[in-house]
Amino acid sequence: MGTGVAQVISLAPARHRDDVLTGEGLLPVLPALRALLPGGGLQRGSVVTSGDWGLLALALAAEAVADGAWCAIAGVPAAGMRAAAEAGMDPDRVLLVAEPGPGWPQVVASLLDGFDIVLLRPPEQPPPQLRRKLEAAARRYGSVLVVAGEWPGAQSRLLVTEAEWTGIGAGHGRLRARRARVAASGRGAGERPRSAWLWLPGPDGTVTAAGEAASGMYSGESAPLASSG
Amino acid sequence: MTSRAAAARRVLVLRCPDWPDPDGSDGSDGSNGSDGSDGSAAARAFEPVVAIVGEFCPQVEILRPGVCAVAARGPARYFGGEAELARKVAEAVCLGGFTCQAGIADGLFAAGLAARSGPTGLLVPPGETPEFLAGFPVGVLDLPELCELLPRLGIETLGQLAALPPAEAASRFGPAGGLASRLARGLDPRPLIPRAPAADLSVQQEFDPPADQSEPVIFAAKALADQMHDRLAAGGYACVRVQVQVCCEDGRELSRLWRHDGLLSALAVAERVRWQLDGWRGRASGGQGDDADEPGGSGSGLGTAGITLLRLVPDQLVRATGRQLALWGDSVPSDRVARAAIRVQAMLGHACVTRPVLAGGRSPAEQVLLVPFGDAAVPLRPADRPWPGQIPAPAPATVFGSPLAASVTDGSGQPVSVSGRAQVSAPPAWLSADGGPARAVTAWAGPWPVTERWWDPPHARRQARFQLVTEDGSAWLAVLQDGRWLLEASYG
């Protein structure tokens, strides 16, 4: 009985949005991404870039959304929500603003006010003044802005530097998994560039750590991919 | 018999068959293709009908866009009988350019069924409602679990259900059984609390200076609805209907009744306020404002007058029996989220802020339905069916809303084609996406033929799918249809 109650309590949403408005604290990320981010999570009030739009941006938000955070995706009409769901992001707590239009900075600022995480692909390269305004909005509201694209003032930058698909050959097999090397660099003192191999995605769509020499692990019945790259 | 007649409320229901029927229980399964994405548009389009009915009886209750109800007793006395009232209302609505059915019976449920019976609706004389209901199958109750269970127990019509002792129905089938029994006997679903509570449960907010835009009023409506729900909950009440009153700076007062049944979230109430304001403003700009000088009542448009007061009045209190959150499941958006979403909707338009709902289908674009924030939607194609032939996991991270044109050529520069027996003419060697430079294909798989809906020529599709990996490490889902190559999605 006692354990049952304890379980119920631990299953309840871990926190409410209004409890954490101070900009303190970390939003959790998937275990495979922890080593790549300072503090092992997404620092509230910070800006993180993820290179071009792709699964990495969705994966960054997945664990926090699973933990009860709300996420808005702005400027990405082509966001693959099934991939997001497979990576662990609950679509029930995601809102899409596919076309934020010419007034997109205002839209993003409004979203930062209400959502814990905003995934943004800027329609154009924003001037420095505008970037600083949005950075200030993220800090004020304690939200995380994940940018798919360039953002010179970002606290952390993640980038897929190498990638190799497995499971598919010349006319046989199918795409099963992608082994990708993600490099992280950050701003500030003592930040050394780091990198890790990830399954991005794995064969069931999840994002997990991949060993250094795990090539061919998910190649299945077909020969490993002959990706000359 | 006399006690029943005394308790019965005569109700006129007006139903416009042109509006889609969300529950589809009128037998036309083809028409329930509403994905809920145009709630506001439907409500706005329904506004003229409500205004016409409002000229007969100002207290019009909107059950949902397409169906409204009025209490029939008073206006029937004035217009010379119920038949005359139904005829006049239907005639006026038809003159307004809408098709409609009008039904009158004891209680809202029976009147709704009466409106559906026959091409122009039906008048059920006072006291004959139980006999009228007796012939209907229990399926019309809209209580899915009971509707499945009752026929298996041999109770197939409302008449058979009404013949059960009410207490037995309630003890055997729970609250739903009690409700079903009351409906089958032609009574209101829940007894109204006979005496109005002493405390005034209405909530209001004044706007000074008057609000010219709808946006601040809708913000306020959300907070007011929360406040109203708190007050109701504190007294243990739920309301059947909520009345939205808006006062304008030129002294006019506009009001509408919305069905609530204790089920609407604060957000849903705010949505209805938005529909209402949209409807009024739309009508005023549509040039039908010649009745705009009529003071009070619901027959006047808002025009461009600023709004000075918004009041929400809970109407017809019943005992709260628990609230269900059907719209959002467990994920009820917090106030902050809802406020941010509504603010962005105010900037970009209602349909520009969407919620993804996973649906079934074979192509990646079909597998996600985008529903405007605040609207409810049930995917037409449920996700939990097998969908043989769908692309297995992992799913692509980028799904193009409209596929990109592409060209796929073999080593000699000829376009790759697929024969009727799913044979590739030659291995794909080059891929050029959207007119871009050709990239070497390093790995590929396919073709996976898909033949869908061959029985439905306009929607029939014959395709061959491929997965292609190019030299830069990107992977694509390509499809060959009618001799043209398209890129549906990109992985990674």
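Participant: Just checking my understanding: could you explain the overall build of chain A for this structure?
Facilitator: Helix and strand counts for chain A come out as 6 helices and 11 strands. In chain A, which comprises 229 residues, the proportion classed as buried is 52%. Long-range pairs, those at least 24 residues apart, make up 62% of the contacts in chain A between residues at least 6 apart in sequence. Only carbon and sulfur atoms are counted for the fraction: they give 54% of the accessible area of chain A, which is about 9500 Å².

Participant: Quick question: what am I supposed to make of the packing of aromatic side chains here?
Facilitator: Note on aromatic pairs: each is described by the distance of the centres and the angle between the planes. Residue and element names in this part refer to chain B. Scanning the entire structure with this criterion turns up 6 aromatic pairs over all chains. Residues Y78 and F79 carry aromatic rings whose centres are separated by 5.0 Å and whose planes lie at 80 degrees to one another, so their mutual orientation is edge-to-face. The exposed category is assigned to Y78, whose relative accessible area is 69%. Ring plane angle 40 degrees and centroid distance 6.3 Å describe the contact between W444 and F466, whose orientation is recorded as tilted. Taken as a pair, W444 in strand β13 (residues 439-452) and F466 in strand β14 (residues 461-470) lie far apart in primary sequence, 22 residues in all.

Participant: Looking at this structure, how should I read the pairing of strand β1 (residues 10-15) of chain B?
Facilitator: Each regular strand displays side chains that alternate between the two surfaces of the sheet. For β1 of chain B, a buried count of 6 out of 6 residues is recorded, marking the element as mostly surrounded by other parts of the structure. Along β1 of chain B, one buried face is formed by R10, L12 and L14 of chain B and the opposite face, lined by V11, V13 and R15 of chain B, is buried too.

Participant: Please clarify how the packing of helix α5 (residues 104-114) of chain A against helix α12 (residues 335-348) of chain B should be interpreted in this entry.
Facilitator: The packing of two helices is summarised by the inter-axis angle and the distance between the axes. Where α5 of chain A contacts α12 of chain B, the two axes come as close as 7 Å, and the packing angle between them is 165 degrees. Considering their axes alone, α5 of chain A and α12 of chain B lie roughly antiparallel with respect to each other. As α5 of chain A runs across α12 of chain B, the sense of the crossing is right-handed. Residues Q106, V107, S110, L111, D113 and G114 of chain A of α5 of chain A touch α12 of chain B, and the partners they reach there are R336, V337, A340, R343, V344, M347 and L348 of chain B. Considered class by class, the residues forming the contact of α5 of chain A with α12 of chain B number 7 nonpolar, 3 polar and 3 charged.

Participant: Explanation requested: the confidence of the model for chain A in the structure shown.
Facilitator: Low-confidence regions, as indicated by low pLDDT, have predicted coordinates that should not be scrutinised in detail. Residues and elements named next belong to chain A. When pLDDT is averaged along chain A, the result is 81, and 79% of the positions lie at 70 or above. For the stretch residues 1-23, pLDDT sits under 50, and the model shows 26 contacts to residues farther than four places along the chain or on other chains. Segment residues 219-229: pLDDT under 50, and 19 contacts once partners within four positions in sequence are set aside and those in other chains are kept.

Participant: Would you take a moment to explain the pairing of strand β12 (residues 430-433) of chain B for this structure?
Facilitator: All names here are of chain B. Of the pairings in the sheet, the one linking strand β11 (residues 398-409) to β12 comprises 4 bridges and is antiparallel in character. Bridged to A406 within β12 is A433. Sheet topology places β12 next to β13; 2 bridges connect them, and they run antiparallel. By the bridge assignment, W430 is partnered in β13 with A440. Hairpin connection from β12 to β13: 5 residues lie between these consecutive antiparallel strands, with D434 at a positive phi of about 55 degrees.

Participant: Is there a simple way to explain the side chain of S117 of chain B in this structure?
Facilitator: One can find S117 of chain B in the loop between α5 (108-116) and α6 (129-134). Polar side-chain contacts of S117 of chain B include one of 2.8 Å to the backbone oxygen of L113 of chain B.

Participant: What is the right way to read the layout of surface pockets from this model?
Facilitator: Space left empty within the atom packing is revealed by a probe, the size of a water molecule, rolled over the atoms. The calculated volume of the second largest pocket comes to roughly 500 Å³. As for the second largest pocket, its lining consists of 24 residues, and the residues nearest its centre are D52, W53, V160 and R178 of chain A together with G492 of chain B. Every element with two or more residues in the lining of the second largest pocket is listed here: α3 (55-66) and β8 (156-168) of chain A together with β11 of chain B. Ranked by the residues each element gives to the lining of the second largest pocket, the list is headed by β8 of chain A, at 5 residues. Residues belonging to the lining of the second largest pocket are distributed by class as follows: 11 nonpolar, 8 polar and 5 charged.

Participant: Please clarify how the interface of chain A and chain B should be interpreted in this entry.
Facilitator: When the parts of a complex come together, some accessible area is lost, and that lost area is often taken as the interface size. Taken together, the contacts link 57 residues of chain A with 48 residues of chain B. Between chain A and chain B, a total of about 4000 Å² is buried, with carbon and sulfur atoms accounting for 64% of that surface. When residues of chain A are sorted by the area they lose upon contact with chain B, W70, R82 and L175 of chain A head the list and together hold 16% of the total. At the junction of chain A and chain B, the tally comes to 0 salt bridges. With 6 residues, α5 of chain A is the single largest residue contributor to the side of chain A that touches chain B.

Participant: I'm lost on helix α9 (residues 166-184) of chain B in this one. Help?
Facilitator: In an α-helix there are 3.6 residues to a turn, and that puts residues three or four apart on one side. Residues and elements named next belong to chain B. With 19 residues, α9 should reach 27 Å at 1.5 Å per residue; the first-to-last C-alpha distance of 10 Å falls well below that figure. Along α9, the sharpest change in direction is near 145 degrees and occurs at F173; proline P175 comes one to four residues later. Restricting attention to buried positions, one finds in α9 the residues A169, F173, G177, G178, A180, S181, L183 and A184. Residues of α9 that are buried in the fold lie against α5, α6, α7 (144-152) and α8 (158-163). G186 sits one or two positions beyond α9 and adopts a positive phi of about 80 degrees.

Participant: What is the right way to read empty space enclosed by the protein from this model?
Facilitator: Residue and element names in this part refer to chain B. Throughout the structure, instances matching the rule amount to 4 cavities of 30 Å³ or more. Quantified by volume, the largest cavity comes out at close to 50 Å³. Around the largest cavity, the lining residues are A43, F46, E47, I62, P65, W258, W275 and Q276. The biggest single contributor to the lining of the largest cavity is helix α2 (residues 39-54), with 3 residues. Class assignment of the residues belonging to the lining of the largest cavity gives a composition of 6 nonpolar, 1 polar and 1 charged.

Each value, and the rule that gives it
Residues numbered from 1 in each chain as written. Chains lettered and ligands numbered in written order. Predicted model: local features only at pLDDT ≥ 70, side-chain atom pairs only at ≥ 80, totals over all residues. Heavy atoms only, no water. Helix = DSSP H or I, 4+ residues; strand = E, 2+ residues; numbered from the N terminus. Buried < 20%, exposed > 50% of the residue type's maximum accessible area, 1.4 Å probe, protein only. Contact = heavy atoms within 4.5 Å. Areas by Shrake-Rupley, 256 points an atom, 1.4 Å probe, with all protein chains shown as cover. Phe/Tyr/Trp six-rings, centres within 6.5 Å; stacked < 30°, edge-to-face > 60°. Axes fitted to C-alpha atoms, helices over the stretch in contact; angles between N-to-C directions. Parallel < 35°, antiparallel > 145°, perpendicular 65-115°, else oblique. Left-handed = near helix turned anticlockwise from the far one by under 90°. Nonpolar A, V, L, I, M, F, W, Y, C, P; charged D, E, K, R; others polar. pLDDT = per-residue confidence, 0-100. Pairing = 2+ DSSP bridges. Polar contact = N/O pair within 3.5 Å; in protein donor to acceptor, adjacent residues only side chain to side chain. 1 Å grid on protein atoms, 1.4 Å probe; cavity = no way out; pocket = protein on both sides within 12 Å on 5 of 7 lines; lining within 4 Å. Points joined across faces, edges and corners; volume = space filled by probe spheres on them. Buried area = accessible area lost by both parts, 1.4 Å probe. Salt bridge = Lys/Arg side-chain N within 4 Å of Asp/Glu carboxyl O. Expected span 1.5 Å × (residues − 1). Bend = angle between axes of the 7 residues up to and from the residue.

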